[in-house]
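# Tertiary structure, described
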Amino acid sequence: PACTGDEEAMIEGQFGNPPESYLKTILPLVEVARGLLEKGETLVPIAFVGNFATGKTAQVLLESGNDVEKDRSALAIRMTADMLDADFVFVIMEAWSLRKDKMPQMDAILDKYGSIGASPYRVDVVSFGLETRYGVWMSQCEIKPKGISKKKRTIGTPAFQYFKEVAGRFTHLLKKNPDEEGGATLH
């Protein structure tokens, strides 16, 4: 189907949630992540790679101990995406982020502490990344304690932001944009 006006606006770089067809697929995965945190479990970094036409989805567990493992994980996602002729990759992982009030000082904090994780300003988050052939939507949800438990945690509802251009190890995991291959429509 052709893009709706709302989907077109998002593709052009405005903020907003991913199109409905993607949300129907990823929101249940967000709920599973929340449920694991609320049971006191740690999230295992994982990528879900899927094709809407075939209905096939594969899971790729990610290793994140060092750069070699991260590179190997990114390659595994690319290979799986190629094998499925994937429409999307959805990555879920726990991460560290800076408090919003410290973002302007990120470079100074990195210089002083060597990493965000080593700084006293770090915040535990769940990072959600949805890559499609039309761009990437990202969201980070701060992990907060659930009630008075020291083990159980929870997250709020992700607010996705669209990025037309992104860089990093876990990006550009799908084949080229169909617009560059002769055109296609957004699901």
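Located above this text is the structure these notes cover.
Calculation rules
Within any chain, residue numbers begin from 1 and follow the written order of that chain's sequence. Given that this is a predicted model, residues contribute local features only at a pLDDT of at least 70 and side-chain atom pairs are listed and counted only at 80 or more, while totals for whole chains, interfaces and linings are drawn from all residues. For side-chain calculations, the full set of non-hydrogen atoms in the structure is used, while hydrogens and water are omitted. Runs of E in the DSSP output that reach at least two residues are strands. Runs of H or I that reach at least four are helices, and both are numbered from the N terminus. The contact criterion used throughout is that any non-hydrogen atoms of two residues lie within 4.5 Å. In this analysis, the expected span of each helix is defined as 1.5 Å times one less than the number of residues it contains. Here the term buried applies to any residue with accessible area under 20% of the maximum for its type, exposed to any over 50%, and partly exposed to those in between, with areas from a 1.4 Å probe on protein chains only. What the arc covers is the set of directions going from the helix axis to the C-beta atoms. Polar contact is defined as a pair of N or O atoms within 3.5 Å, subject to the rule that within protein one atom must be able to donate a hydrogen and the other to accept it, and that residues adjacent in sequence are counted only when both atoms are side-chain atoms.

## Observations concerning the environment of T132
One can find T132 in strand β4 (residues 122-132). Residues T132 and F90 lie 42 residues apart in sequence; the distance between their C-alpha atoms is 8.8 Å. Excluding anything up to four places from it in sequence, T132 contacts Y22, D87, W137 and L174.

## A closer look at helix α3 (residues 67-84)
Helix length check: α3, at 18 residues, gives a terminal C-alpha distance of 26 Å against a target of 26 Å (1.5 Å per residue), a fit within 8%. Listed in full, the buried residues belonging to α3 are S73, A74, I77, T80, A81 and L84. Buried residues of α3, viewed axially, fall in a sector of 125°; they line one side. The exposed set on the far side of α3, more than 90 degrees from its buried face, consists of V68, M79 and M83. Elements that come into contact with the buried residues of α3 comprise β1 (46-50), β2 (57-61) and β3 (88-98). For α3, the side-chain oxygen to backbone nitrogen distance between the N-cap and V68 is 3.0 Å, and the N-cap itself is N66.

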